[in-house]
Amino acid sequence: MLEQNLWRTSKKQIVCQKMNNDSVFHAFQVDEMPENQFIGKIIEKQISDLPQGETLIRVYYSSLNYKDALSATGNRGVTKHYPHTPGIDAAGIVEYSENENFTKGDKVVVTGNDLGMNTAGGFGQYIRVPAQWIVHLPENLTLKESMIYGTAGFTAAVMVEKLAHIINPNSGKIIVSGATGGVGSMAVAMLAKTGYNVCAISGKEQEQNFLQHIGAKEIIPRDEFLSMENKPLLKAMFAGGIDTVGGAILENMIKTTNVFGCVTTCGSVAGTNLNLSVFPFILRGVSLIGMSSQNYPNALRQGLWNKMANEFKPPFLSGLSTEISINQLNDYIKLILEGKLKGRTVVNLQ
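Note that the structure is predicted; figures quoted are calculated from it, not measured.

**Q** Is there a simple way to explain the overall build of the chain in this structure?
**A** Summing up its helical and strand segments, the chain has 10 helices and 15 strands in all. For the chain, whose C-alpha radius of gyration is 22 Å, the value lies close to the compact-globule estimate of 20 Å for 350 residues. Its C-alpha atoms put the chain at 75 × 50 × 35 Å along the principal axes. By the burial criterion, 51% of the 350 residues in the chain qualify as buried. Restricting the contact set of the chain to residue pairs at least 6 apart, pairs at least 24 apart contribute 71%. Computed over 31 positive and 30 negative side-chain charges, the separation of the two mean positions in the chain equals 4 Å.

**Q** Just checking my understanding: could you explain the nonpolar core for this structure?
**A** What tends to happen in soluble globular proteins is that the nonpolar side chains get buried as a cluster. In terms of nonpolar packing, the biggest core is built from 50 residues, with Leu191 and Leu320 touching the most fellow members. Breaking this core down by element, the ones donating at least two residues are helix 3 (143–166), strand 8 (173–176), helix 4 (182–193), strand 9 (197–202), helix 5 (208–213), strand 11 (238–243) and helix 9 (298–308). With 12 residues, helix 3 is the largest single contributor of residues to this core. Ignoring any residue separated from it by four or fewer positions in sequence, one finds Leu320 in contact with Ile148, Met186, Ala189, Phe210, Ile214, Pro314, Gly343 and Arg344. Grouped together as the second largest cluster of nonpolar side chains are 30 residues, Ala90, Ile127, Ala131 and Ile333 included.

**Q** I would appreciate a short explanation of unusual backbone geometry in the present structure.
**A** Glycine aside, negative phi is the norm for most residues, and most peptide bonds take the trans geometry. With omega at 5°, the peptide bond leading from Tyr82 into Pro83 counts as cis. Mapped onto the fold, Pro83 is located in the loop between helix 2 (66–72) and strand 4 (89–97). Although it is not a glycine, Asn36 adopts a positive phi angle of roughly 60°. Here Asn36 is to be found in the loop between strand 1 (24–33) and strand 2 (37–46). Classification of Asn36 by relative accessible area gives exposed; the value is 56%.

**Q** Where do I start with the pattern of salt bridges in this structure?
**A** It is possible for side chains of opposite charge to pair when their charged atoms get near one another. For the structure shown, the criterion picks out 11 salt bridges. A salt bridge links Glu32 to Arg76, with the nearest nitrogen and oxygen atoms 2.7 Å apart. One end of the pair, Glu32, is in strand 1; the other, Arg76, is in the loop between helix 2 and strand 4, and 44 residues separate them in sequence. Across the pair Lys231 and Glu229 runs a salt bridge, and its minimum N-O distance is 3.6 Å.

**Q** Looking at this structure, I do not really get the sheet that holds strand 13 (residues 287–290). What am I missing?
**A** Strands in a sheet are paired, the pairing made by backbone hydrogen bonds, and the direction either parallel or antiparallel. One open sheet accounts for six strands, arranged 10-9-8-11-12-13; its pairing is parallel. Edge positions in the sheet fall to strand 10 (216–221) and strand 13, since each has one partner strand and no second. Across the sheet, the mean angle from the axis of one strand to that of its neighbour is 20°, orientation sign disregarded. Taken together, the four bridges between strand 12 (residues 257–265) and strand 13 define a ladder with parallel strand orientation. Residue pairing across strands places Val263 opposite Leu288, the latter belonging to strand 13. In the packing of helix 3 onto the sheet, the strands contacted are strand 8, strand 11, strand 12 and strand 13, and the crossing angle to strand 12 comes to about 160°. Across the sheet, helix 4 is in contact with strand 8, strand 9, strand 10 and strand 11; its angle to strand 8 comes to roughly 165°.

Parameters and conventions
Residues numbered from 1 in each chain as written. Predicted model: local features only at pLDDT ≥ 70, side-chain atom pairs only at ≥ 80, totals over all residues. Heavy atoms only, no water. Helix = DSSP H or I, 4+ residues; strand = E, 2+ residues; numbered from the N terminus. Rg over C-alpha atoms; globule rule 2.2 N^0.38 Å. Buried < 20%, exposed > 50% of the residue type's maximum accessible area, 1.4 Å probe, protein only. Contact = heavy atoms within 4.5 Å. Lys, Arg positive; Asp, Glu negative; His and termini not counted. Charge placed at Lys NZ, Arg CZ, Asp CG, Glu CD. Core = buried A, V, L, I, M, F, W, Y, C linked by side-chain atoms within 4.5 Å. Salt bridge = Lys/Arg side-chain N within 4 Å of Asp/Glu carboxyl O. Pairing = 2+ DSSP bridges. Axes fitted to C-alpha atoms, helices over the stretch in contact; angles between N-to-C directions.

Written out as structure tokens, the structure is:
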């Protein structure tokens, strides 16, 4: 018993020494300035600056999401306290862990939970997080590929999996909104990979070739979809849908969904309110299912990541992204807020 206690004490001391390591690394930090201004810049930090957590990870790749851009511009609904390092996604290699499920050298992925929101995130070369936030990198994915997916790809996978439980590929067309965005493009690609007939809504006429390349069989201009008559029900055209924007587009998706169809939704950039009657739900039996990948049960994350590495993985995954460095983040944050990005933006931290 004495030997066991001594071993435990020794192990704890070693861990504490590692946790107090003052090695320097680079991070993109957002500082709050006078007059509600927020400035992002590259700074040097120390390991000891990181929050407490069971596992220290050296980050090789992150990705840029709309929520990161909100955090970087002072949105208090995302990040409450500054200075702060955003980055809701991170992929890298374990430096040390107090949890027996992870050892030094393990390749891992962290998405969701509080990473990058109020916990220092993936726009730094190191993160320290609770072990329950972490999943092992599946064998059929590289670290970079996992960040081409990131939270956007994970969100799309959650929605595709839920849709697949209700609608099979032979049921009819599946409509996807915001199809050139991160979640939308991933949803189009995953649906096409699993055999669905995908119809994409997009306001970017110049991106038709991109949408066809990732699997869209039909493309509907956003303005055309929004110009439908304002009736409680519209002609049923789709077996189901994946919505990433909300507002009037989601309303029309629901109104045009066929009997016992299903629409999943995760976005609100086009509006947070729905002007609907109950007719699509009680006359056609349409289901509306909201999705939150941030709160997706940790116990189920590894299984879904394994699907993303195999049956959901499009053959052209690497072509869905643009790679940048942390030095380019300010420019790309501006672009994503202006809706000028397509596909995914991967951040190389090394």
